[in-house]
Amino acid sequence: DGTGNGADALKLTGVAVSAHLDRPMAADGQRIPFHSSSAAITLVDSGAKLGIELGAPADLSASQPAAIALTNALLRLTPADGLVLFGVTPQARDVTDGALFLGFGLMK
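Numbering of residues starts from 1 in each chain and follows the order in which that chain's sequence is written. Reporting in this predicted model follows two pLDDT cut-offs: at least 70 for local features of residues, and 80 or more for side-chain atom pairs to be given and counted; totals over whole chains, interfaces and linings ignore these cut-offs and use all residues. The basis for the side-chain values is all heavy atoms of the structure; hydrogens and waters are excluded.

Some details on empty space enclosed by the protein
Using a 1 Å grid laid over the protein atoms alone, points where a 1.4 Å probe fits but cannot get out form a cavity; open sets with protein on both sides within 12 Å along at least 5 of 7 lines form a pocket; any residue with an atom within 4 Å of a point counts as lining. Grid points are joined across faces, edges and corners, and a volume is the space filled by probe spheres set on the points. Summed over all chains, the structure comprises one cavity of 30 Å³ or more. Of the voids in this model, the largest cavity is the one considered here, and its volume is about 40 Å³. In terms of lining, the largest cavity is formed by I32, P33, S63, Q64, A66, T78, P79, A80 and F104. All amino acids are sorted into three groups, where Ala, Val, Leu, Ile, Met, Phe, Trp, Tyr, Cys and Pro are nonpolar, Asp, Glu, Lys and Arg are charged, and the leftover types, Gly among them, are polar. Here the lining of the largest cavity is composed, by residue class, of six nonpolar, three polar and no charged.

Structure, rendered in structure tokens:
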């Protein structure tokens, strides 16, 4: 019990992560790739559900800039440089409820 609330927690570091996200989509309709070889994941088991926290800096060496089309604008972006995820997973496979943040920089 490392949480102080009766739940069990496990922290993993140096984890390889590839995100297969359905959005945002690039302007050409392709998925925006994200890969990290140094993610940190914390799993918290409260009995009824498994909580997950993930923070991952991107492996930028093979990444390419992207463009995202909005209703009235086209944004040119740097490759995704980081991913943060907070959520719960009832079967330790898919995150069913939570929030995901994908970080980009704007290009001129």
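Here the narrative resumes, following the displayed structure.
Points about the sheet that holds strand β6 (residues 82-89)
Taken together, the five strands give an open sheet; going across it, the order is β1-β2-β3-β6-β7, and neighbouring strands pair in antiparallel fashion. Pairing within the sheet leaves two strands with one partner each, and these edge strands are β1 (8-19) and β7 (97-103). Along the sheet, successive strands turn relative to each other by an average axial angle of 15 degrees, direction set aside. Alignment of β6 against β7, held across seven bridges, turns out to be antiparallel. Of the residues in β7, the one forming a bridge with F86 is A99. Only strands that DSSP links by at least two bridges are regarded as paired with each other. Going along the chain from the N terminus, every DSSP run of H or I of four or more residues is numbered as a helix, and every run of E of two or more is numbered as a strand. Interaxial angles span 0 to 180 degrees and are taken between N-to-C directions of axes, which are lines fitted to C-alpha atoms, for helices over the stretch in contact.

As for the layout of surface pockets
Taken as a whole, the largest pocket encloses approximately 710 Å³ of empty space. Lining the largest pocket are 26 residues, with L21, L85, D94, V95 and L100 sitting closest to its centre. Mapped by element, the contributors of at least two residues to the lining of the largest pocket are β1, β2 (34-45), β3 (50-57), β6 and β7. Considering each element in turn, the lining of the largest pocket owes the most residues, five residues, to β1. Counted by class, the lining of the largest pocket contains 16 nonpolar, five polar and five charged residues.

Things to note about the nonpolar core
Only buried Ala, Val, Leu, Ile, Met, Phe, Trp, Tyr and Cys residues count toward a nonpolar core, and they belong to the same one when joined by side-chain atoms within 4.5 Å. Buried residues are those whose accessible area, probed at 1.4 Å on protein chains only, stays under 20% of the maximum for their type, while exposed residues exceed 50% and partly exposed ones sit between those limits. F34, L54, L83 and L102 are the most contacted members of the largest nonpolar core, which has 14 residues in total. Taken together, the elements giving at least two residues each to this core come down to β1, β2, β3 and β6. Any two residues whose heavy atoms approach within 4.5 Å at even a single point are treated as in contact. Contacts of F34, omitting those with residues within four sequence positions, involve V17, S18, A19, A56, P57, A58, A80, D81, G82, L83 and L102.

Details of the side chain of T42
Here T42 is to be found in strand β2. Here T42 is in contact with L10, K11, G51, I52 and E53, once residues within four sequence places are set aside.

Quick word on the pattern of salt bridges
By salt bridge we mean one thing: a side-chain nitrogen of Lys or Arg within 4 Å of a carboxyl oxygen of Asp or Glu. Evaluation of the coordinates by the stated rule reveals one salt bridge. Across the pair D22 and R23 runs a salt bridge whose closest N-O atoms are separated by 3.6 Å.

Keep in mind that these numbers describe shape and distance, not what the molecule does.
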